[in-house]
Amino acid sequence: MILVSGGAGFIGSNFVLDWIAAGGGPVLNLDKLTYAGNLENLRSLQGDARHVFVQGDIGDQKLVGELLARHQPRAVVNFAAESHVDRSIHAPGTFIETNVVGTFRLLEEVRAYWSGLEGAAKQDFRFLHVSTDEVYGSLSAADPAFTEQNKYEPNSPYSASKAASDHLVRAYHHTYGLPVLTTNCSNNYGPYHFPEKLIPLMIVNALAGKPLPVYGDGQQIRDWLYVGDHCSAIRRVLQAGRVGEVYNVGGWNEKPNIEIVQTICGLLDQLQPRADGASYAGQITYVKDRPGHDRRYAIDARKIERELGWKPQETFDTGIRKTVQWYLAHGDWVQRVQSGAYREWIATQYAQAA
Ligand code: NAD
Ligand code: TYD
């Protein structure tokens, strides 16, 4: 069995589904079910003994200690986090609580558990920490892409909290010998992506006839990776990554935000044209920029390609088409995640950005 934390969120639920489909074995899924956690993502595993769900906090040491002792996982994959930059600007406290203190408490329990293992169980155990390219800060147009050697220069409360967690993971390896692996991945997109993030928000707003809010000049660049490719990278690192190492994961798909939004509009124009025949692009609205907005992220993924033979399967064109099609087919999922709490967030964020 492996323990996956945050396995009811966007990437975590994709990972759990892929892991079980690939015959990876049973998963113990520990998730607090914050606004971003959604058990509906895992509905296809209902009644399946290979998925054990526990609602709880990675910072609850008593619970984590008990779960480790009872289930004896051979690995822990830590997805649990607060993950939305804009929310971290409005209310950084929960980011420190979960991403920094929560990761620390999880590490403490994992260290105690691992210390008590013996022989092959101890030798083979892994703690894989899922992190982000945002810890490296912002690039200018001419800078080379982030390698694992880049300095940490986080600029938002979100990226600073992830950077802190990465440092703790590193320190637990160097100080205590805990067999850790860290992945720093670029922006993901795909099914089950909560519609507060750029790509799902644009799809959902377009279909609802709402404005498509582009921050600033829309020329900020992100490097996009289809979520299934991120999951395969994590599986590969868990299987063959060198203990204590960091692996950057990315899709070689740098695109300015405005191009992403235009691509989504073009796909929707084809797949579900507006009743009036106009393009969804007419709904694009430029709004006030995000404070401290990082201009460009880009991942140099050559280390994981060279050492572990990993490569993404999807191009941006194939991945974004699949994603738009998924949202078109899952209007019921979107409707259900648009809870009261979500509507409140949208009202606060876009009232200020307008
Ligand atoms: P998400 O916000 O969709 O999901 C986070 C999950 O963690 C939710 O299910 C939530 O309920 C759970 N959670 C939050 N606090 C918790 C706590 N204290 N204890 C237990 N569970 C808790 O996030 P995501 O986009 O799936 O990201 C997953 C991980 O991948 C994060 O660590 C994030 O930093 C990292 N990451 C994300 C991206 C991206 O583009 N989304 C890119 C690179 C890395
Ligand atoms: P986001 O999906 O929040 O990911 P991150 O900030 O972690 O990269 O945003 C992706 C890019 O899209 C980022 O440059 C901010 C921008 N953006 C908008 O222009 N409008 C929006 O409504 C949102 C949510 C994001």
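What comes next concerns the included structure.

Spatial ordering of the open sheet is given by E7-E9-E11, a layout of three strands whose pairing is mixed. Two strands lie at the open edges of the sheet, namely strand E7 (187–189) and strand E11 (254–256), each paired on one side alone. Across the sheet, the axes of successive neighbouring strands diverge by a mean angle of 50 degrees, strand direction being ignored. Pairing geometry for E7 and strand E9 (residues 221–226), over three bridges, is parallel.

All right, on to the nonpolar core then. Counting residues in each nonpolar core, the largest one holds 67 residues, and the members touching the most others are Val77 and Ile304. Judged by nonpolar contacts, the second largest core, of 23 residues, contains Ile58, Leu106, Tyr172 and Leu178.

Our next topic: the packing of aromatic side chains. Counted by the stated rule, this structure contains 17 aromatic pairs. Geometrically, the ring pair formed by Trp326 and Tyr327 is edge-to-face, given 4.9 Å between the ring centres and 75 degrees between the ring planes. Residue classification places Trp326 among the buried positions, given a relative accessible area of 13%. The class of Tyr327 is buried, set by a relative accessible area of 3%. Taken together, the ring pairs connect Tyr136, Phe146, Tyr152 and Tyr297 into an aromatic cluster. The ring centre of Trp114 lies 4.7 Å from the NZ or CZ of Lys122, which sits over that ring. Looking at Lys303, its charged tip hangs above the ring of Tyr247, at a distance of 4.7 Å from the centre.

By nearness alone, 18 residues border ligand 2, and Glu134, Pro213, Arg290, His293 and Tyr350 come closest of all. Side-chain polar atom of Arg222 to an oxygen atom of ligand 2: 2.8 Å apart, as the coordinates give it. Asn257 has a polar side-chain atom sitting 2.8 Å from an oxygen atom of ligand 2. Protein coverage of the free-state accessible area of ligand 2, which is 510 Å², stands at 98%. Every element with two or more residues in the shell around ligand 2 is listed here: helix H7 (198–207) and strand E8 (212–215). The dominant element in the shell around ligand 2, judged by the number of residues it contributes, is E8, at three residues. Residue composition of the shell around ligand 2, grouped by class: eight nonpolar, five polar and five charged.

This brings us to the environment of Asn205. Here Asn205 shows up in helix H7. Leaving out residues up to four positions away in the same chain, Asn205 has contacts with Lys210, Pro211, Leu212, Pro213 and Gln283.

Before going further, it helps to examine the sheet that holds strand E10 (residues 246–249). Taken in spatial order, the seven strands make up an open sheet running E3-E2-E1-E4-E5-E6-E10, and their pairing is parallel. Because the sheet does not close on itself, it has two edges, and the strands there are strand E3 (51–55) and E10. Ignoring which end each strand starts from, the neighbouring axes of this sheet average 20 degrees apart. As judged from the six bridges shared by strand E5 (residues 126–132) and strand E6 (residues 180–185), these two strands associate in the parallel manner. The residue of E6 that forms the bridge with Leu128 is Leu181.

Attention now goes to the site of ligand 1. Within the structure, ligand 1 sits among 28 residues, and Ile11, Asp31, Ser83, Tyr158 and Lys162 are positioned closest to it. Taking Ile11, its main chain carries an N or O atom lying 2.8 Å from an oxygen atom of ligand 1. Side-chain polar atom of Asp57 to a nitrogen atom of ligand 1: 2.9 Å apart, as the coordinates give it. Summarising the interface, the protein chains cover 97% of the accessible area of ligand 1, which totals 840 Å² for the free molecule. Mapped by element, the contributors of at least two residues to the shell around ligand 1 are helix H1 (10–21), E5, helix H6 (157–176) and E7. Taken together, the residues of the shell around ligand 1 break down into twelve nonpolar, twelve polar and four charged.

Moving on, we come to unusual backbone geometry. The residue Gln72 is not glycine, and still its phi comes out positive at about 45 degrees. Among the secondary structure elements, Gln72 is positioned in the loop between helix H2 (61–71) and strand E4 (75–78). For Gln72, a relative accessible area of 46% translates into the label partly exposed. Even without a glycine there, the phi angle at Trp252 is positive, about 55 degrees. Looking at the secondary structure, you find Trp252 in the loop between E10 and E11. A residue is classified by how much of its surface remains accessible, and Trp252, at 45% relative accessible area, is partly exposed.

The rules behind these values
- Residues numbered from 1 in each chain as written.
- Chains lettered and ligands numbered in written order.
- Predicted model: local features only at pLDDT ≥ 70, side-chain atom pairs only at ≥ 80, totals over all residues.
- Heavy atoms only, no water.
- Pairing = 2+ DSSP bridges.
- Helix = DSSP H or I, 4+ residues; strand = E, 2+ residues; numbered from the N terminus.
- Axes fitted to C-alpha atoms, helices over the stretch in contact; angles between N-to-C directions.
- Core = buried A, V, L, I, M, F, W, Y, C linked by side-chain atoms within 4.5 Å.
- Buried < 20%, exposed > 50% of the residue type's maximum accessible area, 1.4 Å probe, protein only.
- Phe/Tyr/Trp six-rings, centres within 6.5 Å; stacked < 30°, edge-to-face > 60°.
- Lys NZ or Arg CZ within 6 Å of the ring centre and 35° of its normal.
- Near = heavy atom within 4 Å.
- Polar contact = N/O pair within 3.5 Å; in protein donor to acceptor, adjacent residues only side chain to side chain.
- Areas by Shrake-Rupley, 256 points an atom, 1.4 Å probe, with all protein chains shown as cover.
- Nonpolar A, V, L, I, M, F, W, Y, C, P; charged D, E, K, R; others polar.
- Contact = heavy atoms within 4.5 Å.

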